[in-house]
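Now for the letters of each chain:
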Protein chains: 2
Amino acid sequence: MAKVAILGFGTVGSGVAEVLSMNAASIASRVGEPVEVKYILDLRDFPDSPYADRLVKDFSVIENDPEVSVVAECIGGARVARDFTLRALKAGKSVVTSNKEVVAECGDEFLEAAEECGGNYLFEASVGGGIPILRPLGTDLAANELTEIYGILNGTTNYILTKMIKEGVPFDTALAEAQDMGYAEADPTADVEGHDACRKICILASLAFGRHVFPRQVPTRGISSVTLADVALAESANMRIKLLGRTLRQADGKILAYVAPHLIPEDNLLASVEDVFNGIVVRGNAVDDVLFYGRGAGKMPTASAVAADILDVVKNQGRKVGLGWAPGGDDVMGDLDALPMAWYVRGTGTVPEGSKLPQGARILGCDEAPDTWAFLTEPMTRRELNGCLEAFSETFVLPVLA
Amino acid sequence: MAKVAILGFGTVGSGVAEVLSMNAASIASRVGEPVEVKYILDLRDFPDSPYADRLVKDFSVIENDPEVSVVAECIGGARVARDFTLRALKAGKSVVTSNKEVVAECGDEFLEAAEECGGNYLFEASVGGGIPILRPLGTDLAANELTEIYGILNGTTNYILTKMIKEGVPFDTALAEAQDMGYAEADPTADVEGHDACRKICILASLAFGRHVFPRQVPTRGISSVTLADVALAESANMRIKLLGRTLRQADGKILAYVAPHLIPEDNLLASVEDVFNGIVVRGNAVDDVLFYGRGAGKMPTASAVAADILDVVKNQGRKVGLGWAPGGDDVMGDLDALPMAWYVRGTGTVPEGSKLPQGARILGCDEAPDTWAFLTEPMTRRELNGCLEAFSETFVLPVLA
């Protein structure tokens, strides 16, 4: 009998308890023993919960119980979560989590502590919710050199953009609807400004390329400046606007990573990833492109991934799941402004007199945005583009996915 | 140093050697030791190959060499492959393969032999080529009860259907083009008549639902009867025709499985899976739908998956990767004719006099198929549909994906 402690009885934590209970029989047969929730840590009381008798308020009860071999950290945030994670690992337990904030900030530290203390630290649910993505990177795709990962990593912004594209609803209205539906929080900053996607691309970059990439090293732009004019102009070029996180490894081993809304050709599969769904493309030197798609958030999908990590730990007790993720540093990141990409450039009014478009630029126009000018460039670096744009004032620039 | 033997130096076998050599450094660091190809078994001579010194013609050399811990069976077919696989497993080695034919026929036998003799039998590459799909079923999705899997499992037929849909090319011409491109074999029966997709859905059903499903238990229809009229009529209903393998577990535990061309709504992501790509949807009771997409065939993608299985075996030497796959039998399969689905029914000429359409049926028509009638039904079982169709002669019936 494997004994698990869940930290935090919110959406994800209660989902984990529910998945382990709902599928108890098949889980026991798959891992060879029953998996039981022994404690749930929360500062609140839940007198009517079927788990009321297992609720504790003091983490040291869990920390000091040698029967507990796995701790599922479902608290969120980086402060308390970091403290409890380190204490659990140092007590020889394995820790699993869906908390992308703490993984993106402290992943290398936790993996090192797990290595030292004989436990495992797994975090499949921190990227893509229930979608299998992190484990396949280290197993199914292990014979590949990975060269690039990009994807729709945040369901809230994808819901908002889908509303703007499909229904012509402006950003503010679409955000309010997302809040009504429970997809966006009262303070939507982390989603809307791209911080959530940034944490996820950091985790993907670190795992795929083997050095810790910190959120502060990743230029991040959200979707709050995307207008209906942008949506219409993109459509006039048979493209859709999607918020992507993207990371590449350069030939010199340096890592590039950023988050920004992109124009994507309609026939790219990611352009059809709608509403709260996520889609992530991984490129390897043998397998070419592989895409993973599904529900990137939500109680049960996320709990499914946390529970899978619990089962992995229980089934492979003692075996270290080696994730090559070394510490980060100032030498890790390459020069993003030297990466050639096609660009979308938009301004309001008429194209300023005397300004010269970059060579090969294609002017966009549509009835829905009559007082707006825009063009698409040929692939060039951001540095080259900035040179071309000196004559223009107040341009809005987005990358275009080839 | 882990020593590997490759059986068969054809497309996949040579690809496996190439992947292991091309990514040797990163592979060694990931599994903790170098992985070296010690033997390649083939009846042919390859005097100019860099592997010429490792080629052997006698399997017993490999069988009797205790240094060889992993055998990659890339022979294909079910006869010789079965013999060598069993001998390798009984010699205590692990075996990995991309050979769907032998897995679909003998998977349970091999898994039992591996269990008895302390080796592993892995076959990630047998379904979806390089796409991670089998391992995620048993790991990332392990906390779910799986209820259904369906997908585009054969690249050749998807290439042909894409040609028919996008370019209005008839089946025979599209097939000839696929042969010119090297996507279809000189005898295209296994692809075109659905046998290849059938083997793959058998493997998925067996793994997901835990009992061996044999190809002979799975009703299989290919795409050779699909006409350009069907393509046009489907389009008039905003649908596309795709060859799907599909398997479900009923509430009573019985398994349903079949292969057939389906009409799929255009906004379903699978409708956008084109050319030789594969896309597979897995439904679990916690995660909901997850989709895996990528190159379902080809030398390097397939080799990527075979090599991943080799690395898994090397890294987890001795640990048994438990796949719950019990023997099959007559009690395994449910009654497919009792599964409610919507249907597409097509005939030539005018709708026969006196025939009554099923209740709720929606008549289709389009300029491209003026002398053809067709309708879509509401969901009903095949048995009910057959009752409705008694008055009609010579109808062509396809299921519709909801």
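Residues numbered from 1 in each chain as written. Chains lettered and ligands numbered in written order. Predicted model: local features only at pLDDT ≥ 70, side-chain atom pairs only at ≥ 80, totals over all residues. Heavy atoms only, no water.

A.B. asks: With reference to specific residues and values, describe the overall build of chain A.
C.D. replies: A tally of regular secondary structure across chain A gives 13 helices and 15 strands. Dimensions along the principal axes, computed over C-alpha positions, put chain A at roughly 75 × 45 × 35 Å. By residue count, 59% of the 402 residues in chain A fall in the buried class. Considering only contacts within chain A whose residues lie at least 6 apart along the sequence, 73% involve residues at least 24 apart. Here chain A holds 36 positive side-chain charges and 56 negative ones, and the gap between their average locations is 4 Å. (Helix = DSSP H or I, 4+ residues; strand = E, 2+ residues; numbered from the N terminus. Buried < 20%, exposed > 50% of the residue type's maximum accessible area, 1.4 Å probe, protein only. Contact = heavy atoms within 4.5 Å. Lys, Arg positive; Asp, Glu negative; His and termini not counted. Charge placed at Lys NZ, Arg CZ, Asp CG, Glu CD.)

A.B. asks: Give me the lowdown on the pairing of strand E14 (residues 372–376) of chain A, citing residues and values where you can.
C.D. replies: Residue and element names in this part refer to chain A. Judged by how many residues are buried, E14 sits mostly within the fold: five of five residues are covered. Of the two faces of E14, both are covered, the one formed by Thr372, Ala374 and Leu376 as well as the one formed by Trp373 and Phe375. Of the strand pairs in this sheet, strand E12 (residues 342–348) and E14 are connected by five bridges, and their pairing is antiparallel. Each bridged residue has a counterpart across the sheet, and for Gly347 the counterpart in E14 is Trp373. The pairing of strand E13 (residues 362–364) with E14 spans three bridges and is classified as antiparallel. Paired with Ile363 across the two strands is Phe375, which belongs to E14. (Pairing = 2+ DSSP bridges.)

A.B. asks: Any chance you could break down the interface of chain B and chain A for me, citing the residues and the numbers?
C.D. replies: Size of an interface: often given as the accessible area lost when the parts come together. Across the contact, 43 residues belong to chain B and 43 residues belong to chain A. For the pairing of chain B and chain A, the buried interface totals around 3,800 Å² over both sides, and the portion due to carbon and sulfur atoms is 52%. A per-residue breakdown of the area chain B buries against chain A is headed by B:Asp140, B:Ala143 and B:Leu269, which together make up 17% of the total. The partner of B:Asp288 in a salt bridge is A:Arg295, and the shortest N-O contact between them spans 2.6 Å. (Buried area = accessible area lost by both parts, 1.4 Å probe. Salt bridge = Lys/Arg side-chain N within 4 Å of Asp/Glu carboxyl O.)

A.B. asks: Before we move on, could you go through the relation of the copies chain B and chain A and cite the residues and values that matter?
C.D. replies: Each copy of the sequence occupies a distinct position, and chain B is placed on chain A by a rotation of 180° and an axial shift of 0.0 Å, giving an RMSD of 0.0 Å. This pairing of chains is accounted for by a two-fold axis. Taking C-alpha positions as reference, the residue of chain B nearest the rotation axis is B:Phe292, located at 2.5 Å. By residue overlap, the copies meet face to face through one surface: 100% of the interface positions of chain B are interface positions in chain A. (Least-squares fit on C-alpha atoms with pLDDT ≥ 70 in both.)

A.B. asks: Explain the environment of A:Leu153 to me, and be specific about the residues and the numbers.
C.D. replies: Residue and element names in this part refer to chain A. Relative to the elements of secondary structure, Leu153 occurs in the loop between strand E7 (146–152) and helix H7 (155–167). Counting along the chain gives 46 residues from Leu153 to Gly107, while the straight-line C-alpha distance between them is 18 Å. With residues up to four places along the chain from it excluded, the contact list for Leu153 reads Val127, Asp196, Ala197, Lys200, Ile201, Leu204, Gly245, Asn278 and Ile280.

A.B. asks: I'd like a rundown of the sheet that holds strand E2 (residues 35–41) of chain A, residues and numbers included.
C.D. replies: All names here are of chain A. Strand order in this open sheet of six strands is E3-E2-E1-E4-E5-E6, and the pairing throughout is parallel. Either end of the sheet is taken by a strand with one partner, and the two such strands are strand E3 (55–56) and strand E6 (121–122). Sheet topology note: the strand E1 (residues 2–7)/E2 ladder contains six bridges and is parallel. Along E2, the bridge assignment pairs Val4 with Val37.

A.B. asks: Can you lay out the environment of A:Ser94 for me, pointing to particular residues and giving the numbers?
C.D. replies: All names here are of chain A. Along the polypeptide, Ser94 turns up in strand E5 (residues 94–97). For Ser94, a relative accessible area of 5% gives the class buried. When sequence neighbours within four positions are dropped, the list of residues in contact with Ser94 reads Ser69, Val70, Val71, Gly119, Asn120 and Val313. Separated by 2.8 Å, the side chain of Ser94 and the backbone nitrogen of Asn120 make a polar contact. (Polar contact = N/O pair within 3.5 Å; in protein donor to acceptor, adjacent residues only side chain to side chain.)

A.B. asks: For helix H12 (residues 299–315) of chain A, give the residues involved together with the corresponding values.
C.D. replies: Between its terminal C-alpha atoms H12(A) stretches 24 Å, which fits the 24 Å expected from 17 residues at 1.5 Å a residue. For H12(A), the tally of buried residues reaches 15 of 17 residues, placing the bulk of the element in the interior. (Expected span 1.5 Å × (residues − 1).)

A.B. asks: Describe in detail the packing of aromatic side chains, supporting the description with residues and values.
C.D. replies: All names here are of chain A. Evaluation of the coordinates by the stated rule reveals 23 aromatic pairs over all chains. Measuring from ring centre to ring centre gives 5.4 Å for Tyr121 and Phe123, while their planes differ by 40°; the resulting arrangement is tilted. Looking at Tyr121, the relative accessible area reads 2%, which means it is buried. By relative accessible area, Phe123 is classed as buried at 3%. The interplanar angle of 10° and the centroid separation of 5.2 Å between the aromatic rings of Phe277 and Tyr293 together place this pair among those described as stacked. (Phe/Tyr/Trp six-rings, centres within 6.5 Å; stacked < 30°, edge-to-face > 60°.)

A.B. asks: Can you explain the state of the cysteines? Please cite residues and give values.
C.D. replies: Here the structure, examined in full by the defined rule, presents zero disulfides over all chains. With no disulfide of its own, A:Cys202 lies closest to A:Cys198 among cysteine sulfurs, the gap being 4.2 Å. (Disulfide = S-S within 2.5 Å.)

A.B. asks: Any chance you could break down the side chain of A:Asp140 for me, citing the residues and the numbers?
C.D. replies: Following the sequence through the fold, A:Asp140 ends up in the loop between helix H6 (134–138) and E7. A:Asp140 has contacts with B:Glu124, B:Pro132, B:Ile133, B:Arg135, B:Pro136, B:Ser304 and B:Ala308, leaving out every residue within four places of it along the chain.

A.B. asks: Account for the packing of helix H1 (residues 11–22) of chain A against H12(A), naming residues and giving values.
C.D. replies: In a pair of packed helices, the angle between the axes and the distance between the axes together describe the arrangement. Residues and elements named next belong to chain A. Across the interface, H1 lies against H12 with an axial gap of 8 Å and an inter-helix angle of 65°. Crossing geometry of H1 relative to H12 is assigned as right-handed. Residues Thr11, Val12, Ser14, Gly15, Val16, Glu18, Val19, Leu20 and Met22 of H1 touch H12, and the partners they reach there are Lys299, Met300, Thr302, Ala303, Ser304, Val306, Ala307, Ile310 and Leu311. In terms of residue class, the contact of H1 with H12 is made up of eleven nonpolar, five polar and two charged. (Axes fitted to C-alpha atoms, helices over the stretch in contact; angles between N-to-C directions. Left-handed = near helix turned anticlockwise from the far one by under 90°. Nonpolar A, V, L, I, M, F, W, Y, C, P; charged D, E, K, R; others polar.)

A.B. asks: Could you give an account of the confidence of the model for chain A, with specific residues and numbers?
C.D. replies: Scored by pLDDT, chain A has a mean of 94; 98% of the residues are at 70 or more. On the interface metric, ipTM, the complex scores 0.94, and its pTM is 0.95. (pLDDT = per-residue confidence, 0-100.)

A.B. asks: Requested: an account of the side chain of A:Asn158, with residues and values cited.
C.D. replies: Residues and elements named next belong to chain A. As for its position among the elements, Asn158 is in helix H7. The class for Asn158 is buried, based on a relative accessible area of 1%. A distance of 3.0 Å separates a polar side-chain atom of Asn158 from the backbone oxygen of Val273. If we ignore the near neighbours within four places in the chain, the residues touching Asn158 are Ile152, Lys242, Val273, Glu274, Asp275 and Phe277.

A.B. asks: Lay out the sheet that holds strand E5 (residues 94–97) of chain B with the relevant residues and their values.
C.D. replies: The strand order across the open sheet built from six strands is E3-E2-E1-E4-E5-E6 (chain B), with neighbouring strands paired in parallel fashion. Among the strands making up the open sheet, the edge pair consists of strand E3 (55–56) and strand E6 (121–122) of chain B.

A.B. asks: Please provide a residue-by-residue account of the pattern of salt bridges, values included.
C.D. replies: Residues and elements named next belong to chain B. If you walk through the whole model with that rule in mind, you get 54 salt bridges over all chains. Between Asp309 and Arg135 there is a salt bridge, with the nearest N and O atoms lying 2.5 Å from each other. Here Asp309 is found in helix H12 (residues 299–315), whereas its partner Arg135 is found in helix H6 (residues 134–138), with 174 residues between them in sequence. Looking at Arg135, the relative accessible area reads 11%, which means it is buried. Across the pair Arg283 and Glu148 runs a salt bridge whose closest N-O atoms are separated by 3.4 Å. Highlighted residues: Arg283 in strand E10 (residues 277–284) and Glu148 in strand E7 (residues 146–152), separated in sequence by 135 residues.

A.B. asks: Talk me through the nonpolar core; I want residue IDs and the actual numbers.
C.D. replies: A general feature of soluble globular proteins is that nonpolar side chains tend to end up buried together. Membership of the largest hydrophobic core comes to 183 residues, with the highest contact counts inside it found for A:Ile62, A:Leu204, A:Tyr344, B:Ile62, B:Leu204 and B:Tyr344. Leaving out residues up to four positions away in the same chain, A:Ile62 has contacts with A:Ala5, A:Leu7, A:Tyr39, A:Leu41, A:Val56, A:Val68, A:Val71 and A:Lys93. (Core = buried A, V, L, I, M, F, W, Y, C linked by side-chain atoms within 4.5 Å.)

A.B. asks: Explain unusual backbone geometry to me, using residue names and the numbers behind them.
C.D. replies: A positive phi angle, near 55°, is found at A:Asn238, a position not held by glycine. Considering the arrangement of structural elements, one finds A:Asn238 in the loop between helix H11 (228–236) and strand E8 (239–249).

A.B. asks: Explain the environment of A:Glu116 residue by residue, including any values.
C.D. replies: In this fold, A:Glu116 is placed in helix H5 (residues 100–117). Linking A:Glu116 and A:Glu33, residues 83 residues apart in sequence, is a C-alpha distance of 27 Å.

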